Amino acid sequence: MLALFLAQAPAVLGPPRLVEADGRPIDVAGHAAPLFVDFDGDGRDDLLVGQNDGTLVLFRNQGRCGKPELGGWEWVRAFGEPVRVPPG
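Small disclaimer: the values here were computed from a predicted structure and weren't measured.

Quick look at the side chain of N61
Item 1. By secondary structure assignment, the location of N61 is in strand β9 (residues 56-61).
Item 2. The exposure class assigned to N61 is buried, which follows from its relative accessible area of 4%.
Item 3. Residue contacts for N61: discarding those within four places in its chain leaves D42, R44, D45, D46, P68, E69 and L70.

Observations regarding unusual backbone geometry
Item 1. Phi at A11 is positive, roughly 65°, even though this residue is not glycine.
Item 2. Tracing the chain through its elements places A11 in the loop between β2 (7-9) and β3 (12-13).
Item 3. With a phi close to 55°, F79 is a non-glycine residue in the positive phi region.
Item 4. Along the chain, F79 turns up in the loop between β11 (77-78) and β12 (81-82).

Observations regarding the packing of aromatic side chains
The way to describe two aromatic rings as a pair is by their centre distance and the angle between their planes.
Item 1. In total, this model carries one aromatic pair according to the counting rule given.
Item 2. Considering the side-chain rings of W73 and W75, the 4.9 Å spacing of their centres and the 80° angle between planes classify their relative orientation as edge-to-face.
Item 3. Under the relative-accessibility criterion, W73 is labelled partly exposed at 48%.

Describing the sheet that holds strand β7 (residues 32-37)
Item 1. The four strands are arranged β7-β8-β9-β10 in an open sheet whose pairing can be described as antiparallel. Edge positions in the sheet fall to β7 and β10 (70-75), since each of these pairs with one other strand and no more. Going across the sheet, the axis of each strand differs from the next one's by a mean of 20°, ignoring polarity.
Item 2. Pairing between β7 and strand β8 (residues 46-51): six bridges, direction antiparallel. Looking at β8, one finds that V37 is bridged to D46.

About the thresholds
Residues numbered from 1 in each chain as written. Predicted model: local features only at pLDDT ≥ 70, side-chain atom pairs only at ≥ 80, totals over all residues. Heavy atoms only, no water. Helix = DSSP H or I, 4+ residues; strand = E, 2+ residues; numbered from the N terminus. Buried < 20%, exposed > 50% of the residue type's maximum accessible area, 1.4 Å probe, protein only. Contact = heavy atoms within 4.5 Å. Phe/Tyr/Trp six-rings, centres within 6.5 Å; stacked < 30°, edge-to-face > 60°. Pairing = 2+ DSSP bridges. Axes fitted to C-alpha atoms, helices over the stretch in contact; angles between N-to-C directions.

Spatial relationships are all this shows, so hold off on functional conclusions.
Written out as structure tokens, the structure reads:
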């Protein structure tokens, strides 16, 4: 499961919150490297997740700024194929 720790004060993290997409907790393969970024240029931060097998998955933000709603996942693709980042 993917958990998010929000800052409550400088250098103080709140309790973990599970990150959801389509109303269900996000389950990623092994270790994950999440990044919130406006991937599609619509002004809303989407969730990009690098998984331990090198694949990248994208959860598009279907909500609005300050109130994100993540949709279902999709592979990040290049030339029609899922992107796979080599280790190291």
